[in-house]
Amino acid sequence: MHATRTGVDSADLAVSAEIGTWLERRSSRADDWTAAELVAAKRGRTVSVVIPARDEEETVGEIVRTIRTTLVEDEPLVDEILVVDSHSEDATAEVAAAAGAAVVAQDEVLPSLPGRRGKGEALWKGLAATTGDLVVFVDGDLYDFTAGYVIGLLGPLLTDSGVDYVKGFYHRPLVAAGHTEADGGGRVTELVARPLLNMFWPELSGFVQPLAGEYAGRREVLEAIPFVTNYGVEVGHLIDLVEWRGLDSLAQVDLGMRTHRHQTTQALGRMSGQIMLTIMDRLKAYGRLTLSVPPATLLAQFRRGDATCGVERELVLTDLTLHQRPPLATLSGETSDGLRDTA
Ligand SMILES: O=c1ccn([C@@H]2O[C@H](COP(=O)(O)OP(=O)(O)O)[C@@H](O)[C@H]2O)c(=O)[nH]1
Ligand SMILES: O=C(O)[C@@H](COP(=O)(O)O)O[C@H]1O[C@H](CO)[C@@H](O)[C@H](O)[C@H]1O
């Protein structure tokens with residue numbers, strides 16, 4: 001495999017044969033399939049698209065419209081579009097409904113459970129409130145979403161019974177204040193997730209975008225794994241699935257380009273802490289590393305503002321404690337059918 005090598009004594013660097021084989025065997029492109037081909041491949045299986053959305057009124061409508069017109073009306077590939085309104089304070093729910101999506105408030109699903117905040121919670125509730133045999137997750141803050149995202153993610157699942165879970169990958173420009181850095185996006189991926197996964201789960205090092213927010217899976221597999229309720233959900237999935245189902249059950253698809261609304265560096269600092277705590281939780285769970293002292297979960301950050309702590313900064317404290325939902329299949333007496341109708 002051709003690779004550019006950097007670092008000292010780089011001559012003898014190489015990914016493992018397993019990764020090389022996986023990259024060849026389990027990587028594809030969105031245009032490897034057409035919607036019509038995948039409709040024919042459904043053979044009675046159903047597809048749900050779940051969009052977690054917190055304050056995404058500017059972008060969620062176009063994403064829903066694109067899916068509805070192209071993949072519901074033109075080609076019946078998608079059977080259900082659900083937007084999970086994740087404590088939005090804007091018109092996300094109204095915009096999504098007007099575009100043709102079903103909309104559910106995050107806390108309306110399984111209301112007997114104590115509510116949790118976070119992206120992973122929105123995804124887990126979306127899984128519970130839908131019924132498709134295959135479930136596609138798409139972020140609600142994408143600027144240049146195309147139907148190809150959904151087609152590409154479903155391709156391996158509808159045509160290869162050996163694949164359980166598919167991650168998208170793409171070029172990720174960082175667009176900020178009118179300036180574009182061609183591959184500057186995915187800052188937490190490059191600075192946190194990729195180095196840690198390469199250290200502790202090198203079998204996952206072939207994933208181009210391990211934190212990609214666009215991915216899809218078989219319901220029976222998705223309902224059999226826990227969901228970290230915050231931004232640790234993606235990295236938790238990858239680790240749990242490679243440990244349970246093995247690398248060859250996972251695949252990735254080139255979706256081209258992805259631009260989205262970017263969070264502040266401090267927000268990504270909180271996201272990074274959540275992802276690190278998720279990885280440390282899995283290191284312990286899978287016996288790969290035991291810490292004699294558990295990590296602290298209170299993150300202190302400092303930002304411009306009223307001096308509150310002896311320095312000319314505002315002290316901002318965030319509790320990063322890891323919470324996770326159990327596999328949906330373990331909820332006694334509950335099924336994914338009709339949960340949205342739960343009073
Ligand atoms: O508590 C949350 C946090 C995020 N999101 C949604 O999850 C997706 C990805 O989140 P975000 O854009 O904040 O992450 P980023 O893409 O910046 O890493 C977006 O559609 C958010 O609206 C959500 O539904 N609930
Ligand atoms: O990949 C990343 O580093 C972060 C931040 O992306 P940017 O630096 O704002 O492009 O975004 C991803 O990570 C989140 C945590 O896994 C996912 O929930 C997001 O969907 C994904 O966009």
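Whatever comes next refers back to the structure up there.
Residues numbered from 1 in each chain as written. Chains lettered and ligands numbered in written order. Predicted model: local features only at pLDDT ≥ 70, side-chain atom pairs only at ≥ 80, totals over all residues. Heavy atoms only, no water.

S.K.: Explain the packing of helix H7 (residues 187-200) against helix H10 (residues 265-285) residue by residue, including any values.
M.R.: Closest axis-to-axis distance for the H7/H10 pair is 9 Å, and the angle between their directions is 15°. Classified by the angle their axes make, H7 and H10 are roughly parallel. Like other packed secondary-structure pairs, H7 and H10 cross with a definite hand, here right-handed. Taking contact as the criterion, the partners of Arg187, Val188, Val192, Leu196, Leu197 and Phe200 in H7 are, on H10, Thr265, Leu268, Met271, Ser272, Ile275, Met276, Ile279 and Leu283. (Axes fitted to C-alpha atoms, helices over the stretch in contact; angles between N-to-C directions. Helix = DSSP H or I, 4+ residues; strand = E, 2+ residues; numbered from the N terminus. Parallel < 35°, antiparallel > 145°, perpendicular 65-115°, else oblique. Left-handed = near helix turned anticlockwise from the far one by under 90°. Contact = heavy atoms within 4.5 Å.)

S.K.: Requested: an account of the nonpolar core, with residues and values cited.
M.R.: Membership of the largest hydrophobic core comes to 46 residues, with the highest contact counts inside it found for Phe137, Leu204, Phe227, Ile275 and Ile279. The element contributing the most residues to this core is helix H9 (residues 233-244), with 6 residues. Sequence-distant contacts of Leu204, defined by excluding residues within four places in its chain, comprise Leu197, Leu238, Ile239, Val242, Leu247 and Leu250. Core analysis: the second largest hydrophobic core is formed by 42 residues, Val49, Leu157, Leu158 and Leu255 among them. (Core = buried A, V, L, I, M, F, W, Y, C linked by side-chain atoms within 4.5 Å. Buried < 20%, exposed > 50% of the residue type's maximum accessible area, 1.4 Å probe, protein only.)

S.K.: Tell me about the site of ligand 2, residues and numbers included.
M.R.: The immediate surroundings of ligand 2 are formed by 17 residues, with Asp139, Arg172, Arg187, Val188 and Thr189 found nearest. For ligand 2, an oxygen atom lies 2.9 Å from a polar atom in the backbone of Gly186. Taking 500 Å² as the accessible area of ligand 2 by itself, protein coverage stands at 97%. The cavity where ligand 2 resides is the largest pocket. Every element with two or more residues in the shell around ligand 2 is listed here: H7 and H10. Looking at the shell around ligand 2, the element that brings in the most residues is H7, giving 3 residues. Split into classes, the residues belonging to the shell around ligand 2 amount to 5 nonpolar, 6 polar and 6 charged. (Near = heavy atom within 4 Å. Polar contact = N/O pair within 3.5 Å; in protein donor to acceptor, adjacent residues only side chain to side chain. Areas by Shrake-Rupley, 256 points an atom, 1.4 Å probe, with all protein chains shown as cover. 1 Å grid on protein atoms, 1.4 Å probe; cavity = no way out; pocket = protein on both sides within 12 Å on 5 of 7 lines; lining within 4 Å. Sits in = over half its atoms within 2 Å of the grid points. Nonpolar A, V, L, I, M, F, W, Y, C, P; charged D, E, K, R; others polar.)

S.K.: Let's hear about the environment of Val103: which residues, and what values?
M.R.: Topologically, Val103 is positioned in strand S4 (residues 102-105). The sequence separation of Val103 and Val50 amounts to 53 residues, and the corresponding C-alpha distance is 9.8 Å.

S.K.: I'd love a proper account of the packing of aromatic side chains, names of residues and values included.
M.R.: Here the structure, examined in full by the defined rule, presents 6 aromatic pairs. Note on Phe137 and Tyr215: the rings are 5.3 Å apart at their centroids and 50° apart in plane angle, and the pair reads as tilted. Residue Phe137 is found in strand S5 (residues 134-137), and its partner Tyr215 is found in strand S9 (residues 215-218); the two are separated by 78 residues along the sequence. Here Phe137 matches Tyr215 in class, with each residue buried. Above the plane of the ring of Trp244 lies Arg245, whose end atom (NZ or CZ) is 4.6 Å from the centre. (Phe/Tyr/Trp six-rings, centres within 6.5 Å; stacked < 30°, edge-to-face > 60°. Lys NZ or Arg CZ within 6 Å of the ring centre and 35° of its normal.)

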